[in-house]
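Residues per chain, in single letters:
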Amino acid sequence: MTSSTPRRPHHRRRFARRLVPGLAAASLVGGVLAVTPTTAEAWNSVPTTGGDSWGVHDAANPGLDTGSVRNTVGNAATAGGALQGYGGIRMKVDRGTSRLNGILLRGFGLTYDGYQSFTSTQGVDVDGVVVRRELVVPTGSSYGRFFDTFTNTTHAPVTFDVAFGGQLGYDTGENQSEISRTGSGDQSITSADGWASWFTPVRTTAGNPSQNGPSATVFGTPGYAASLKRMGNFLLDPFTQALPTSGDAANFPGFVNTLTVAPGATASVLHYVVTGLPEGRAVLGSTRAAGSEVATVENTATTLTAAPVTTGLSTAELCSVTNFTPASLGLGSSDCTRRPTSELVDTPVGSTAAATPTTTSPYDVVGKTLTQLVADLRSGRTTSQQIMRAYLDRIAAYDRGPGGLNSVITVAPDAMAQAKAADAARAAGDTRPLLGIPVMAKDIIDTLDMPTTGGSRVFDGYRPKSDAFQVDLMRKAGAIIMGKANLAEFANDGHASPNGYGAVWNAFDPSRSPIGSSGGSAVAVASSFTAAAWGTQTGDSLWGPSGAASLYSLRGTDGMQSSGGTMPLTLIQDYVGWIGQSIEDLALLLDVTAKDNPADVLDDVANGKRPTDWSATLKADALRGKVIGVPATAFDDPFQTTTVSNALRAKFDVFRQAGATIKTIPDFTDVPARGNYGNTGYEGWLQWLEAHPDAPYSRPEQITNNPLRVPYQYPGPYTGDGTGMTDQQQRDFEAYRALYRSNLAGWMDSNGVDAVLYPTELSEIHLNDTVQPSFGRKDPQSSASGVPTVIFPAGATVNGNPVGFQLQGKAFQDAELMGFAYAFDKIAQGRILPTKVTPRLAYDADAVPAVVTPLTPTPSSKRLTVVSSRALAKISRKGKAKVALSVGCASASDPCVGRVVVTVKGRAFSAPVTVGAGGLKTVTVTLSRKASKALRRGKAGKPAKAVKAKVTFVGLLGTTSTTTPVTVTVRARR
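Please read these numbers as outputs of a predicted model, since none were measured by experiment.

Enquirer: Tell me about the overall build of the chain, and please be specific about residues and values.
Expert: Helix and strand counts for the chain stand at 17 helices and 37 strands. Out of the 974 residues in the chain, the part that is buried amounts to 62%. Relative to all contacts within the chain whose residues are 6 or more apart in sequence, the contacts with residues 24 or more apart total 73%. Of the accessible surface of the chain, which amounts to about 33,800 Å², a share of 52% is contributed by carbon and sulfur atoms.

Structure below.
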């Protein structure tokens, strides 16, 4: 169906007005391309043998920029490949103080050449050691070469540990990886081995085929002490925790080396990672024999260990390698004598370090609840300007730059002016309940004064014409909407928060996922960047991020809060709720925002049933005499870990201390049969477009199937029929959810319980560069049915990471559940703060406040690139020189089209170029006779002169390439 196809009339509309087509924009063309793309323009993948490919986290959308491999096997969006977030590095500097010290490093500006290489365009500074990465996946091979350099820019020797590794599986039966063998033939990894291989055996099938692709890591010369110091747990801490031999953490090998680098010197580590295809199931059209891919991988690892492929590395670079012997790299005894580090090639100029500025606010906001802020404002202890300044300074310090959490997409440009106006209003007698309190909105919620992007390049710069319903209520109550929180693009990921503005990172461990989709909202609140933030939930997007950030939330009964003015995911099931710092905070916020929206028919189900005073149930004895049901398997981790569940079970006693009884009950099984309710997501966008006639699109598929999306969220070209839901299907879906709620009430009554207890996360959360699933997950029934759940923290694991509970109840039991959580919290005091990651800032009254710049969209990866920094020119004695350039196309699937421009001696010459996706092509550019003379000049018997030429690209529509101009040395060829 085209964008001009008329809508059939609907009567059960969220909003009254009909669809007014906006500016049709079926595709947006950026960079140097003139073609209409058919696949996502980012997150580059590079092909390997057998039809496999590696999806590499470079600087392109969604911008994790770790250099690790997110997945293999045909760009699978979830697990199944040999690598599942592998090839990252951490480093630990002795007595280091950098915030990057110990975490998964990122921010290298890694750029794909469209052929086989990913190279740093900037270094990352960790306590004076500048780190750079290069990944080369040779054409026609099944391995990648990781070359990581460490340059000491200080005036004293620096000793540090480096860990290379990541994730190879997860512990759900056949997805659990095991060591196949090592270079020594056993399953114990030591420096004597040189390589180690992993597979995921299907133990119930003859030959134990590998369910997912096998892999091997080549880590050094066998028997060379410097090749490996130890194996560590790359998930938790490879520098202090050994790699387990079983369990989920065994899927995270970390190869640890110790380096000592002299002042001004550079050392490096070299690793090769080999991958194969699955044996235990059909992939890419065929099933492979048990053991065949494992054997191929191990044979390749053996070959690379004996003869490392070093093509493209200079002698100086090879001399810097610490984990292979010089002889194994083909170096002679004198090759490395006085070899200057300046001979290292492709070294980016400059580096970035994680700075920690001071704050110009005397008021400490760290851990201050919204309730405390209100009290301090009313008492005159602080001002709204001091609160706002403190938040803005913390965002500038911890949310931006290397190691930044990326939780806030933008802040209101007049945030301080709004705070000043609030202070003036208070002085004049204004008593509105939330006057001058800064909060944030998840960036799928409309704000009149800031863009609403959905976390997607699809809506970059789009600003709606009005506020969302709840936003309007908050402004009327005096609150300041200080910014927009980052998220998983279009709220479409419950395991992480990748998006077009840079993925969000965990508040407590900035190597891990923050969970999704409301990751930015939870991280911003936990890190004391704002007092509270709206999130949304369709699956786990309130309880998941809140649990990961030690926070509080309420997924209310259907209709309790209006979702009007919010980008949809699943019509009727979407819920817009708060993420806050205490149960009292939630009550204050719900007093303002849990109101009927006259323009929203979907919230009418709650009319007459909303509490008028949400704090009335918050009593210390609210749990006395209550029975809390624990479903039989609710606390059994799908990853089969017990660290989190043990911490949570230990907190059952808190309920007992509060006067409640804990009762084990059967799991809920009475799920109603689901009918055909149409396309709930498509209908949601149809209704959103109807309410947003100013939007730059007129059809849902122009949004959901836009190639500007995060690549592993992009579903491909639209193949639907252009219909959403009929009026009857909407009513039937609502009736289905009402029946589901009724069945849940019957289950609770038959088991004699007042509420049902569920966990938030059930395992340690996986690293942020991984695939789904990123944590052990057992969903309660709240999202699927529309019953309420209150989410609240319950302390931490032995590893210091947050754990949390959910209490689920019957329809419209919302306020009572909050009372239960309040009573628990008064005893448990379960919230913890991430002060190790985002500590308090030192106060400096004379400092210049830092400016918080909005996050910019991550770059498109579809571009023409220069593959070689050297070129040959064919010239005649009197004619023009013809320069042969090696040009690549950095694109996953679509060709790159444009013109290559060569500038010599200030004069520009160009030629058209078309290169296939991931391909390589020689393009000839003809110079003028005058420019050619420089190449012909050469003294008798000597080669012609070399000329420096600057190479750029221009699109067919005149757009300028985002690729940095490349200087190429051109020599004449006789």
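Enquirer: Before we move on, can you summarise the packing of helix α6 (residues 469–476) against helix α9 (residues 583–593) with the specific residues and values?
Expert: Across the interface, α6 lies against α9 with an axial gap of 9 Å and an inter-helix angle of 105 degrees. Relative to α9, the element α6 lies roughly perpendicular. Mapping the contact onto sequence places Q470, L473 and M474 in α6 and L589, V592 and T593 in α9. A per-class count over the contact of α6 with α9 returns four nonpolar, two polar and no charged.

Enquirer: Give a detailed account of the state of the cysteines, specifying residues and quantitative values.
Expert: Taken as a whole, this structure holds one disulfide when the rule is applied. The partner cysteine of C319 in its disulfide is C336, sulfur to sulfur 2.0 Å. The S-S bond linking C319 to C336 shows a torsion near -90 degrees; that makes this disulfide left-handed. Of the two residues, C319 is situated in helix α2 (residues 315–320) and C336 in the loop between α2 and β18 (351–353); the sequence distance between them amounts to 17 residues.

Enquirer: Tell me about helix α1 (residues 292–306), residues and numbers included.
Expert: Within an α-helix, residues lying three or four positions from one another point in the same direction, as the helix has 3.6 residues per turn. Along its 15 residues, α1 runs 22 Å from first to last C-alpha, staying within 8% of the 21 Å computed at 1.5 Å per residue. Regarding α1, the residues found buried are E293, V294, V297, E298, T300, A301, L304 and T305. Buried residues of α1, seen end-on, are gathered within an arc of 160 degrees and therefore sit on one face of the element. Opposite the buried face of α1, by more than 90 degrees, sit the exposed residues T303 and A306. As for α1, its buried residues are in contact with β9 (143–152), β11 (178–182), β12 (195–199), β13 (215–218) and β17 (266–275).

Enquirer: Summarise the packing of aromatic side chains; cite the residues concerned and give the values.
Expert: Under the defined criterion, the tally for this structure stands at 34 aromatic pairs. Taking 5.7 Å as the distance between ring centres and 90 degrees as the angle between the ring planes, the aromatic pair formed by F805 and F824 counts as edge-to-face. Of the two residues, F805 sits in strand β29 (residues 802–808) while F824 sits in helix α16 (residues 814–828), which places them 19 residues apart along the sequence. With respect to burial, F805 and F824 carry one shared label: buried.

Enquirer: Residues and numbers for the pairing of strand β27 (residues 755–759), please.
Expert: The element β27 is largely enclosed, with a buried count of five among its five residues. Note that strand β25 (residues 627–631) and β27 share two bridges and pair parallel. Note on β27: the bridge partner recorded for I628 is A755.

Enquirer: Any details on the pattern of salt bridges? Residues and values, ideally.
Expert: Applying the stated rule across the entire model yields 29 salt bridges. Taking the shortest distance from any N to any O, the salt bridge between D540 and R777 comes out at 3.6 Å. With a gap of 237 residues between them, D540 in the loop between β22 (533–537) and α8 (543–548) and R777 in the loop between β27 and α15 (782–785) connect regions that are remote in the sequence. Salt bridges here are not isolated pairs; linked through shared partners, they connect R555, D558, R737 and R741.

Enquirer: Any details on the confidence of the model for the chain? Residues and values, ideally.
Expert: Note: predicted coordinates in regions of low pLDDT should not be interpreted at a detailed level. Of the residues in the chain, 89% reach a pLDDT of 70 or more, and the chain-wide mean stands at 89. Segment residues 1–11: pLDDT under 50, and 27 contacts once partners within four positions in sequence are set aside and those in other chains are kept. Note on residues 74–78: pLDDT is under 50 here. Beyond four places in sequence and across chains, it has 12 contacts.

Enquirer: If you had to explain α6 to someone new, which residues and values would you point to?
Expert: Taken together, the buried positions of α6 are F469, Q470, V471, L473 and M474. Those residues of α6 hidden inside the fold are in contact with β20 (438–442), β21 (480–485), β22, β24 (575–580) and α9. Directly beyond the C-terminal end of α6, a positive phi value near 100 degrees is found at G478.

Enquirer: Just give me the short version of the environment of T719, but keep the residues and values in it.
Expert: For T719, the position within the fold is in the loop between α13 (701–704) and α14 (727–751). Judged by relative accessible area, which is 75%, T719 ranks as exposed. Between the C-alpha atoms of T719 and N705, which are 14 residues apart in sequence, the distance is 9.6 Å.

Enquirer: Hey, could you go over the environment of L405 for me, with residue numbers and the actual values?
Expert: Note that L405 resides in the loop between α4 (384–398) and β19 (408–411). For the pair L405 and W505, spaced 100 residues apart in sequence, the C-alpha to C-alpha distance is 4.9 Å. When near neighbours in sequence (up to four residues on either side) are disregarded, L405 contacts Y398, D399, A503, V504, W505, N506, P510, V523, S527, F529 and T838.

Enquirer: So what's going on with unusual backbone geometry? Which residues, and what values?
Expert: Most peptide bonds take the trans form, and the phi angle of most residues other than glycine is negative. Cis rather than trans, the peptide bond between N61 and P62 has omega equal to 10 degrees. For P62, the position within the fold is in the loop between β2 (53–56) and β3 (69–72). Located in the positive-phi region is D127, a residue other than glycine, with phi close to 55 degrees. Mapped onto the elements, D127 comes out in the loop between β7 (123–126) and β8 (129–136).

Enquirer: Lay out the environment of G102 in plain terms, naming residues and giving numbers.
Expert: Within the secondary structure, G102 sits in the loop between β4 (86–93) and β5 (111–112). Residue classification places G102 among the buried residues on the basis of a relative accessible area of 12%. Measuring from C-alpha to C-alpha, the distance between G102 and V162 comes to 8.9 Å, with 60 residues separating the pair along the chain.

Criteria and thresholds
- Residues numbered from 1 in each chain as written.
- Predicted model: local features only at pLDDT ≥ 70, side-chain atom pairs only at ≥ 80, totals over all residues.
- Heavy atoms only, no water.
- Helix = DSSP H or I, 4+ residues; strand = E, 2+ residues; numbered from the N terminus.
- Buried < 20%, exposed > 50% of the residue type's maximum accessible area, 1.4 Å probe, protein only.
- Contact = heavy atoms within 4.5 Å.
- Areas by Shrake-Rupley, 256 points an atom, 1.4 Å probe, with all protein chains shown as cover.
- Axes fitted to C-alpha atoms, helices over the stretch in contact; angles between N-to-C directions.
- Parallel < 35°, antiparallel > 145°, perpendicular 65-115°, else oblique.
- Nonpolar A, V, L, I, M, F, W, Y, C, P; charged D, E, K, R; others polar.
- Disulfide = S-S within 2.5 Å.
- Expected span 1.5 Å × (residues − 1).
- Arc of directions from axis to C-beta.
- Phe/Tyr/Trp six-rings, centres within 6.5 Å; stacked < 30°, edge-to-face > 60°.
- Pairing = 2+ DSSP bridges.
- Salt bridge = Lys/Arg side-chain N within 4 Å of Asp/Glu carboxyl O.
- pLDDT = per-residue confidence, 0-100.

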